[in-house]
Amino acid sequence: TVNIAPHQVYGPNDPIFLPNLMDAMRTGKLRIFGNGQNEISVCYNDNYCHGLILGYDALFLGSPALGNFYIITDGGKVKFW
């Protein structure tokens, strides 16, 4: 097996992350922790799909990817606030 996981997924038809974030902002329930300079890694849904395809392609006998865990992101950290 090859384990593939996204970090925070966003994109078209996102029913969870952006709608919940916008609702928290709209209702005044959004909290900023620390000094507001928090960094996160996000993952556009197409990039997640690409990571899944790469993981599938790595499923062959002797693959160095076998038994490993990969977190899919857009490539870098961004300021959350």
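Worth saying up front: this structure is predicted, and the values here are computed from it rather than measured. (Residues numbered from 1 in each chain as written. Predicted model: local features only at pLDDT ≥ 70, side-chain atom pairs only at ≥ 80, totals over all residues. Heavy atoms only, no water.)

Engineer: Hey, could you run me through the overall build of the chain in this one?
Structural biologist: For the chain, the count of helices and strands is two helices and five strands. Relative to a compact globule of 81 residues, whose C-alpha radius of gyration would be 12 Å, the chain shows 16 Å and is clearly more extended. Structurally, the chain occupies a C-alpha span of about 50 × 30 × 15 Å along its principal axes. For the chain, with 81 residues in total, the buried portion stands at 23%. (Helix = DSSP H or I, 4+ residues; strand = E, 2+ residues; numbered from the N terminus. Rg over C-alpha atoms; globule rule 2.2 N^0.38 Å. Buried < 20%, exposed > 50% of the residue type's maximum accessible area, 1.4 Å probe, protein only.)

Engineer: Explain the sheet that holds strand S3 (residues 39–44) here, please?
Structural biologist: Strand pairs in the sheet, formed through backbone hydrogen bonds, run parallel or antiparallel to each other. One open sheet accounts for three strands, arranged S2-S3-S5; its pairing is mixed. Looking at which strands have only one partner, the edges of the open sheet turn out to be strand S2 (8–10) and strand S5 (77–79). Adjacent strand axes in the sheet meet at a mean angle of 55° when their direction is disregarded. Across three bridges, the pairing between S2 and S3 is parallel. Note on S3: the bridge partner recorded for glutamine 8 is valine 42. Here helix H2 (residues 45–57) sits on the sheet and contacts S2 and S3; the angle it forms with S3, its principal contact strand, is near 75°. (Pairing = 2+ DSSP bridges. Axes fitted to C-alpha atoms, helices over the stretch in contact; angles between N-to-C directions. Contact = heavy atoms within 4.5 Å.)

Engineer: It is not clear to me how the environment of methionine 22 should be interpreted in this structure. Could you clarify?
Structural biologist: Along the chain, methionine 22 turns up in helix H1 (residues 17–26). Counting along the chain gives 23 residues from methionine 22 to asparagine 45, while the straight-line C-alpha distance between them is 18 Å.

Engineer: Help me understand the state of the cysteines in this model?
Structural biologist: One covalent bond between the sulfur atoms of two cysteine residues makes up a disulfide. Applying the stated criterion across every chain yields a total of zero disulfides. Free cysteine cysteine 43: the closest other cysteine sulfur is in cysteine 49, separated by 8.7 Å. Residue cysteine 43 is classed as buried on the basis of its relative accessible area of 0%. Its relative accessible area of 42% is what places cysteine 49 among the partly exposed residues. (Disulfide = S-S within 2.5 Å.)

Engineer: Which parts of the structure should I look at to understand the confidence of the model for the chain?
Structural biologist: Low-confidence regions, as indicated by low pLDDT, have predicted coordinates that should not be scrutinised in detail. Overall, the prediction assigns the chain a mean pLDDT of 91, with 100% of residues at 70 or greater. The least confident element of the chain is S5, whose mean pLDDT is 85; the most confident is H2, at 96. (pLDDT = per-residue confidence, 0-100.)

Engineer: Before we go on, may I ask you to explain the packing of aromatic side chains in this structure?
Structural biologist: Aromatic ring pairs are defined here through the distance separating the ring centres and the angle between the ring planes. This model, assessed by the stated rule, comprises two aromatic pairs. Relative to phenylalanine 80, the ring of phenylalanine 17 lies with its centre 6.4 Å away and its plane at 40°, an arrangement referred to as tilted. Highlighted residues: phenylalanine 17 in helix H1 and phenylalanine 80 in the segment after S5, separated in sequence by 63 residues. Relative accessible area serves as the criterion here: at 15%, phenylalanine 17 is assigned to the buried category. (Phe/Tyr/Trp six-rings, centres within 6.5 Å; stacked < 30°, edge-to-face > 60°.)

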